[in-house]
Each structure stands twice: as structure tokens, then as C-alpha cells.
Amino acid sequence: MIVKIVSKNFDIPDSHKLHVALKHGRYTSLEKLFSMEPAEVVEEVSKSGLRGKGGGGAHTGDKWKLIPKNHPLPTYLVVNADESEPGTFKDRQILEFDPHLVIEGIIASAYAIGANHSYIYIRGEYVFWAKRMQEAIDEAYGAGYLGKNIAKSSFSLELTLHRGAGAYICGEKTALLESLEGKRGHPRLKPQGKEPEWFFGAPTVVNNVETIASVPYIIKNGFEAYRAYGTDNSPGTMLFGLSGHINNPGIYELPFGVSMKAVIEQIGGGVLGGKELKAVIPGGSSCPILRADEIENITLDYESLIKHGSSLGTGGMIILDESVSMPLAMKNLFEFYHHESCGQCTPCREGTGWVDKILGRLLTGDGTQEDYKTMLGACDMLNGKTICVFAPSVAFIANSYIKKFKAEFDALCKA
Amino acid sequence: MSAFVFTPENEEKFAALLQRYPQKSSLTLPSLWMVQYQEGFISEDAIVFLAKKLETTPMNIYSVASFYTMFNLKPVGKYHIQICKTLSCMLRGSQEIKKHIENRLGIKAGENTKDMKFTLTEVECLGSCGSAPCMSLNEAYKENLTIEKIDAILDSLA
Ligand SMILES: Cc1cc2nc3c(=O)[nH]c(=O)nc-3n(C[C@H](O)[C@H](O)[C@H](O)COP(=O)(O)O)c2cc1C
Ligand code: SF4
Ligand code: FES
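Here is what the cut-offs are and how they apply
- Residues numbered from 1 in each chain as written.
- Chains lettered and ligands numbered in written order.
- Predicted model: local features only at pLDDT ≥ 70, side-chain atom pairs only at ≥ 80, totals over all residues.
- Heavy atoms only, no water.
- 1 Å grid on protein atoms, 1.4 Å probe; cavity = no way out; pocket = protein on both sides within 12 Å on 5 of 7 lines; lining within 4 Å.
- Points joined across faces, edges and corners; volume = space filled by probe spheres on them.
- Nonpolar A, V, L, I, M, F, W, Y, C, P; charged D, E, K, R; others polar.
- Helix = DSSP H or I, 4+ residues; strand = E, 2+ residues; numbered from the N terminus.
- Domains from an automatic or database assignment.
- Near = heavy atom within 4 Å.
- Sits in = over half its atoms within 2 Å of the grid points.
- Salt bridge = Lys/Arg side-chain N within 4 Å of Asp/Glu carboxyl O.
- Buried < 20%, exposed > 50% of the residue type's maximum accessible area, 1.4 Å probe, protein only.

Caption draft 1: Broad picture of empty space enclosed by the protein. In the structure shown here, the tally under the stated rule is three cavities of 30 Å³ or more. In this structure, the largest cavity spans a volume of roughly 90 Å³. Forming the walls of the largest cavity are 13 residues, and the residues nearest its centre are C342, C345, C348, C388 and F390 of chain A. Its residues assigned to classes, the lining of the largest cavity comprises nine nonpolar, four polar and no charged. Here the second largest cavity is characterised by a volume of approximately 50 Å³. In this structure, the second largest cavity is lined by P86 and G87 of chain A together with C84, T86, L87, S88, C89, C125, L126, G127, S128 and C129 of chain B. A total of three residues in the lining of the second largest cavity trace back to one element, the largest contributor, which is helix 5 (residues 87-91) of chain B. Of the residues assigned to the lining of the second largest cavity, the class counts are seven nonpolar, five polar and no charged.

Caption draft 2: Spatial organisation of the domain arrangement of chain B. Along its sequence, chain B is organised into domain 1 (8-67) and domain 2 (79-157). A straight line from the C-alpha centre of domain 1 of chain B to that of domain 2 of chain B covers 30 Å.

Caption draft 3: Fine view of the site of ligand 2. Residues and elements named next belong to chain A. The local shell around ligand 2 holds 13 residues, among which C342, Q344, C345, C348 and C388 are the closest. A majority-of-atoms criterion places ligand 2 in the largest cavity. A breakdown of the residues in the shell around ligand 2 according to their chemical character gives nine nonpolar, four polar and no charged.

Caption draft 4: Focus on the pattern of salt bridges. Summed over all chains, the structure comprises 34 salt bridges over all chains. With a shortest N-O distance of 3.2 Å, E158 of chain A and R20 of chain B are connected by a salt bridge. Of this pair, E158 of chain A sits in strand 3 (residues 158-163) while R20 of chain B sits in the loop between helix 1 (8-18) and helix 2 (28-39), placing the two residues on different chains. On the accessibility criterion, E158 of chain A (27% relative accessible area) is partly exposed. A residue is classified by how much of its surface remains accessible, and R20 of chain B, at 22% relative accessible area, is partly exposed. Three or more residues joined by partner-sharing salt bridges are found here, namely K331, E335 and D356 of chain A together with K85 and E124 of chain B.

In C-alpha cells form, the structure reads like this:
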């Protein structure tokens, strides 16, 4: 099942060093890249159907096309390496084992949208990976792959690594840009129509690390080669993750459209300790949970997961065995969401805390039916009343736990 | 007068970074990091110093610094253990690991040892779910933790 496009060099010793990376194909897309017009690059990526790997699955080419022509301010490319969604640990593999692939992708993407400066925003905890990435950036500058006239072309690009400092919400693209501007990471109100992002008022594209790392293959081999993998609406591959109660936790690059169950059994080696599977959180904790009996026909692509009432998210699957108490798992996640709410919107800031508290009461045996109703009400309040989609996603996941495992919640409520 | 000043190296770094952003305020997080590496935490003096340097108010710097969990507004121990408490780690036994550390150090999560040798903090997902349970010790990740591993790590810390 495994297909190695982005992860091709992961197992090569010292793959992060420039001289090794060069031996294994890095920067070979540049010749073709600079023979193309930027608009042609955008078109190629558009046709490949590449979708964002940061959780939303937006069409990358469509996003790039939103950059206005002839804007008075420079254009920026911001790479999202904030990776904080529970269950997600894929971007760090790319940063660790193939940082030059990230740089190669940044060169292509920046060239396509006309950016001469790019920032990588990396979560503060990733100290090792920030160092790794910075070493690669320094090597690339030294070898003429960054800076003025890259690979003797007329294209110049600066690349700056910027560290966050511990805030999940800074992965949300507008909060990330606020943070990059030196402020609290507060998501911005979204415009009515389609627009690019804005960094200090300048047109900006925000893309996930893995999205950017997928670009060189498309440039070098053409959109059809990428489309040879995956499905019509979810073309190509994704770095899927397995964690929790699974025998072989890890990151595996797979074409979209493979069976979730087969991946768990064949690649993941099945549930840890031979226990029964109880549930799967399909793509990071913000995706509604699926009961074991629901995953039978699920394939790992955007459409299949939506059809089954969840979403593909970041592809980071969390496996839960029969022993897990669902109210406890839900409480764990609500502690997370309460801690990570940026605090701008009252329903989100307070509601996540209420639900956490009520779940705590239920779990210690002091909960009542009234508590249960209050909890449902608080979850309801999270939906559709806030600045960003953080709160609505929390509402969706809450509903999935409560509805699908209702008996476990009922059992905890006194009269 | 604020008592905090950047070391000459940090002054140099600051000047170099200034060239890399369209506006000065972008240097807020990088500057807070420099302060924390220089002093171990973000003191009020340093906040006043940064406000001047970034042409803003101390309250604004404070408001930003307090938003991000990694900025220490109080001193922390020589060894800062940050253990992940989120779901993938919980499923793999992070609670037992935490209790074991608490017992060995004689403190609860969120506290320092009296001699300021250790600080134990519970944190949310570290992006290491595939090698859970996981913690960060000062800045290094320690993964696939077991009670034996924790004992060996704690024994090795002078
Ligand atoms: C609460 C929240 C957290 C997010 N965290 C991340 C993250 O850590 N990394 C990431 O790449 N995208 C994250 N996103 C998605 C970004 O907003 C954005 O859509 C993405 O970076 C765009 O890149 P892509 O189109 O290449 O996926 C998050 C979104 C939300 C709402
Ligand atoms: S929904 Fe929550 S995270 Fe999003 S802006 Fe409002 S308070 Fe912040
Ligand atoms: S849940 Fe602990 S590292 Fe992700």
C-alpha cells in the first residue's frame, strides 16, 4: 500500500544533509521550474488536484490563484509548521528527514505566487526540528539555493524560520499570521468572499509543510504522475499517522482511497495486545469519532470520511481499544480544547470549560441528568457563534462522543 | 531605568532579525525567546526593556508573553520536565508516568522542588503521539517512556 513521494528519502542515512540530499534528487525540479512561467506552475499544481494537508483539504492551486496581480505590497509565502493537532506528528518527519525537500517546495511555491520572502512558522516545542531546518536553510543559502538568483535564475528568495511559543490555535492560519506579526494568536474574522491571507496587509499564502513538500514531485513529473495515485477528488498521497492502541504506531505515506481497516490491520499490525477495536479518531482530535462498526467501508480520502459523518483532517488516526472509557477520552480532549481556546469568544472560552467540569463531575459519580442536559446545551452554544471554526469543530466532536456512546454517559448520571 | 539589557550577541541578533521582517513588531516572539534564553524567564524588567526596543507598551509585551505557554513569567527549575497529557499519550500510560515522577520528586505537576532543581509541568500534545508517552526535558524530547526509562533519566540528572 505504501507509496513514497514525500517520504522517499526518509530512510536514507543523513538524508537531511545537503550533499546527501543532492545525491537523492533534491533540487532537481528547479531546472524545469525556472523554464516555466509562474502562471504555468500554478496551473500545473491546480491540475494535479493537490489538496492542503494541514487539515482543511483546500485545493492548493485555487488558493494560489487568489493572490492579486499588481498589489503594491510584496507577496509572502508562509509555511505552517505549527503541527499541534492531537494525533498529528507528520510534518516533523519531513522537517527531520528531508528539510531540503521543504526548501525545494518553498522555492517552487514562492516562484508560482511571486513571493520573494517566505517564513516557516514552527511550533516552539520543536526545538530539535527548528535547529534541523535552520541548518538546512543555512546550507541552502551557502549553495545558492536561497538568496539572490537561485540556481542562476532571475528568481530571488529569502527564507526565515520563525518559532512559536506554545499555542495550538496558532496553527489556524489567521492566528498564525497575527502571531507572526508579534501579537497574541487570535484568529481573525473571515471575509465574506474568497481572499488570500494578509501579512501586515500584504497578500499571503499559508500552506502546510506537507503540502509544500508535495510540490516538487508535481513540478518535476507533471500533474498526471501525481494523479496516478489516489482518487479523482483526493489525488496523490498523504502521510497518515497511527497512534494510541496500535501495534505499529508511526507515519506511513499512502495513496488516498485505501481501506482504513486494512491500514489499521496490515500496516498498523492491529490493535495493541490483540484487544478489540472500540473506536477510531480519523484525522486528529478535531474529527468526529467513529465506532469500530462504522469503519468497515471507509476509505482514506476526503469524500469517504465526509460521507461517514467525520473528516479526514490531518490523517492522524488515533486508535482506541475496548478498555477505553469514552467519557474519559472526551474529558481529556475537552481539557485540551479548554486550555487551547484563544479566549476571544465567550461560548468557546467558557463552554469548553463547563463541559470539562461537568464531565469531571460525571466521572466522579456526582453527575445528574440535569448536568447532562447542561452539557448538551453548552455544546450547542459552541456551534455557529464564534470567530473561528475551533468551537464548531469541538461541538461536532462532542456530539459524536455523546451520541455514539450514549449508554456510557447515561450510566454515569444519577437521577 | 530598567535593569535588563540584551547581551551584545543578542543585540546583534536583534539587529540582524530587523532586516528580515516588514515591521518591527514581528520581533516580539523572537525577542521574548532571547530574553528567556538569557535570563531563564521573562522578568518585569525585561518586559520594560522590550517595550522600549519594540516601540510599544510594557502591557502589550506582557499580554503577548502571557498568551504563549512556553514563556515562563516566573523562574523554573534547573530541569524543566514537561509531560504530555493529551489523548494518544494518555492511552499509552502517561498518567502512571506522571504519578511516578511526582512521587520521586515529591511535588505535584505545576510545582518546583524546593531546591529549584526540578519543575514538573503537564502540557498538551507535543506532536510526538506515535512515540507516546512523551515528555520534553528542558528542550529535548524523551519518547516511548516507561517507568524504567524515567528512573534512568532522573538518576542521570545531577
Ligand atoms: C484550530 C485550528 C488549528 C490548525 N492547526 C494547524 C496546524 O497545526 N498546521 C497546519 O498546517 N494547519 C493547521 N490548521 C489549518 C490552517 O488554518 C490552514 O488551513 C492550513 O495551514 C493551510 O494549509 P494547507 O491548505 O496547505 O493545508 C488549523 C486550523 C484550525 C482551525
Ligand atoms: S472560536 Fe475559540 S479559538 Fe476560535 S477565535 Fe473564538 S475563542 Fe478563539
Ligand atoms: S498526545 Fe502526547 S504527543 Fe500527542
